Amino acid sequence: QVQLVESGGDLVQAGGSLRLSCAASGSIFSINVMGWYRQAPGKQRELVAGITSSDITHYAESVKGRFTISRFDRKRTTYLQMNSLKPEDSAIYYCAAGTIGKYLGPYDYWGQGTQVTVSS
């Protein structure tokens, strides 16, 4: 079992920055990919960033150059640094973990989500 808890969501102004954190616990030895999803009302869920156990990162085109995914303390903490935020970045952001080390998943474990709201 793996438990994921996100934190760091907030209300920020356009152009601002925010860092989301994902704390993992449990059988994290089995995790080989960590990712961040987001979903806004009326929109489909989007995989925005992922990082494999070999520290290979991937990003959705919509966030390239603005978001950075990283890990600290092995796989226990995963960050999503978000810069130059836009109103369209507003969504609930979910941390996810998978046992197969591929960016696209499958992702087997999910956090509860943290709200990010970007205003003008």
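Residues numbered from 1 in each chain as written. Predicted model: local features only at pLDDT ≥ 70, side-chain atom pairs only at ≥ 80, totals over all residues. Heavy atoms only, no water.

## Brief notes about the side chain of Thr 52
Residue placement: Thr 52 occurs in strand 5 (residues 46–52). The class for Thr 52 is buried, based on a relative accessible area of 7%. If we ignore the near neighbours within four places in the chain, the residues touching Thr 52 are Asn 32, Val 33, Arg 71 and Gly 101. (Helix = DSSP H or I, 4+ residues; strand = E, 2+ residues; numbered from the N terminus. Buried < 20%, exposed > 50% of the residue type's maximum accessible area, 1.4 Å probe, protein only. Contact = heavy atoms within 4.5 Å.)

## Section: unusual backbone geometry
Looking along the chain, the bond that leaves Gly 105 and enters Pro 106 is cis, with omega of 5°. Positive phi values are uncommon outside glycine, yet Asp 55 reaches one of about 70°. By the secondary structure assignment, Asp 55 is in the loop between strand 5 and strand 6 (57–59). Of note, the phi angle at Ser 84 is positive, near 50°, even though the residue is not glycine.

## Observations regarding the pattern of salt bridges
Between side chains of opposite charge, pairing is possible as soon as their charged atoms come close. Counted under the stated rule, the structure contains four salt bridges. With its nearest N and O atoms 2.9 Å apart, the salt bridge here joins Glu 46 to Arg 38. What makes Arg 38 buried here is its relative accessible area of 7%. Two residues, Arg 66 and Asp 89, come together in a salt bridge whose shortest N-O distance is 2.7 Å. One end of the pair, Arg 66, is in the loop between strand 6 and strand 7 (67–72); the other, Asp 89, is in the loop between strand 8 (77–82) and strand 9 (91–98), and 23 residues separate them in sequence. (Salt bridge = Lys/Arg side-chain N within 4 Å of Asp/Glu carboxyl O.)

## Thoughts on the sheet that holds strand 7
Sheet architecture is open: four strands sit in the order 1-3-8-7, paired in antiparallel fashion. Each edge of the sheet is formed by a strand with only one pairing partner; in this case those strands are strand 1 (2–7) and strand 7. When the angles between neighbouring strand axes are averaged without regard to direction, this sheet yields 20°. Here strand 1 pairs with strand 3 (residues 18–26) via six bridges, running antiparallel. When the bridges of strand 3 are listed, Gln 3 appears paired with Ser 25. (Pairing = 2+ DSSP bridges. Axes fitted to C-alpha atoms, helices over the stretch in contact; angles between N-to-C directions.)

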